[in-house]
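# Summary of the model geometry
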Amino acid sequence: MSTLFSKIISGEIPSDKVWEDAHCIAFRDIHPVAPTHILVIPRTPLVNVADAGEGDEALLGHLLRVAGLVAKQEGLSDFRVVTNNGAGAGQSVFHLHLHVIGGRALQWPPG
Ligand code: AMP
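Residues numbered from 1 in each chain as written. Predicted model: local features only at pLDDT ≥ 70, side-chain atom pairs only at ≥ 80, totals over all residues. Heavy atoms only, no water.

Read across the open sheet, the 5 strands follow the order 1-2-3-5-4; overall the sheet is antiparallel. What marks the edges here is a single partner per strand, and that holds for strand 1 (17-20) and strand 4 (79-82). Strand-to-strand twist across the sheet, computed as the mean angle between neighbouring axes with direction ignored, equals 15°. Together, strand 1, strand 2 (24-28), strand 3 (36-42), strand 4 and strand 5 (98-102) form the strand contacts of helix 2 (residues 57-73), whose direction differs from that of strand 3 by roughly 155°. (Pairing = 2+ DSSP bridges. Helix = DSSP H or I, 4+ residues; strand = E, 2+ residues; numbered from the N terminus. Axes fitted to C-alpha atoms, helices over the stretch in contact; angles between N-to-C directions. Contact = heavy atoms within 4.5 Å.)

Structure follows, in structure tokens:
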């Protein structure tokens, strides 16, 4: 399924990219909820975590590692990594993405 994020990967829709490699890209969220709000997305169009299979394990691990690397790149030691799975959990773009959020005090629990 083609989504907004497929178009960001292809370059059809511009983005403020902060990371790019063979498996994923990361770019700034257009409606940031904190001073740093970055989305890490796989080039493979998985819908969400529930859509991932056994063969996606390395990719999922890579996304999490890149989340840590972009947070470090932003100078953050304290940050949150979250992914919304399904509309009822707040997912609005159906292409897997990790939100990397930081730069302010974060409350818990979210939502
Ligand atoms: P979610 O609600 O978890 O599916 O997150 C989707 C995120 O994509 C939201 O935080 C949106 O602000 C963000 N978003 C939507 N369109 C764009 C865009 N063109 N560039 C960057 N981020 C976007």
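Continuing now.
Moving on to the pattern of salt bridges. Inspection of every chain in the model, using the stated rule, returns 4 salt bridges. The partner of glutamate 20 in a salt bridge is arginine 43, and the shortest N-O contact between them spans 3.4 Å. Taken together, the residues glutamate 20 in strand 1 and arginine 43 in the loop between strand 3 and helix 2 connect sequence positions 23 residues apart. Here glutamate 20 falls in the partly exposed class, since its relative accessible area comes to 49%. You can call arginine 43 partly exposed: its relative accessible area is 30%. One salt-bridge network, in which partners are shared between bridges, spans Asp16, Arg28 and Glu74. (Salt bridge = Lys/Arg side-chain N within 4 Å of Asp/Glu carboxyl O. Buried < 20%, exposed > 50% of the residue type's maximum accessible area, 1.4 Å probe, protein only.)

Right, let's get into helix 2. The end-to-end C-alpha distance of helix 2 is 24 Å, a good match for the 24 Å that 17 residues give at a rise of 1.5 Å each. Within the span of helix 2, buried status applies to Leu59, His62, Leu63, Val66, Ala67, Val70 and Ala71. Those residues of helix 2 that are buried lie in contact with strand 1, strand 2, strand 3, strand 4 and strand 5. (Expected span 1.5 Å × (residues − 1).)

With an omega dihedral of 0°, the bond running from tryptophan 108 to proline 109 counts as a cis peptide bond. Along the chain, proline 109 turns up in the segment after strand 5.

Membership of the largest hydrophobic core comes to 16 residues, with the highest contact counts inside it found for Ala26, Ile38, Val40, Leu63, Val70 and Val100. Those elements that provide at least two residues to this core are strand 2, strand 3, helix 2 and strand 5. When residues in this core are grouped by element, the largest group, 6 residues, is from helix 2. Not counting residues up to four positions away in its chain, the partners in contact with valine 70 are Val18, Trp19, Ala26, Ile38, Val40 and Val100. Core analysis: the second largest hydrophobic core is formed by 7 residues, Phe5, Ile8, Leu39 and Val93 among them. (Core = buried A, V, L, I, M, F, W, Y, C linked by side-chain atoms within 4.5 Å.)

Inspection of the region around the ligand gives 16 residues, with Asp29, Asn84, Gly90, Ser92 and His99 positioned closest. Contacts to the ligand include aspartate 29, whose side-chain N or O atom sits 2.5 Å from an oxygen atom. One of the backbone nitrogen or oxygen atoms of valine 93 is found 3.0 Å away from an oxygen atom of the ligand. In the complex, 84% of the free accessible area of the ligand, which totals 500 Å², lies under the protein chains. Listing elements by their share of the shell around the ligand, those giving two or more residues are helix 1 (4-10) and strand 2. Sort the elements by how many residues they give to the shell around the ligand and helix 1 lands first, with 3 residues. Partitioning the shell around the ligand into residue classes produces 7 nonpolar, 7 polar and 2 charged. (Near = heavy atom within 4 Å. Polar contact = N/O pair within 3.5 Å; in protein donor to acceptor, adjacent residues only side chain to side chain. Areas by Shrake-Rupley, 256 points an atom, 1.4 Å probe, with all protein chains shown as cover. Nonpolar A, V, L, I, M, F, W, Y, C, P; charged D, E, K, R; others polar.)

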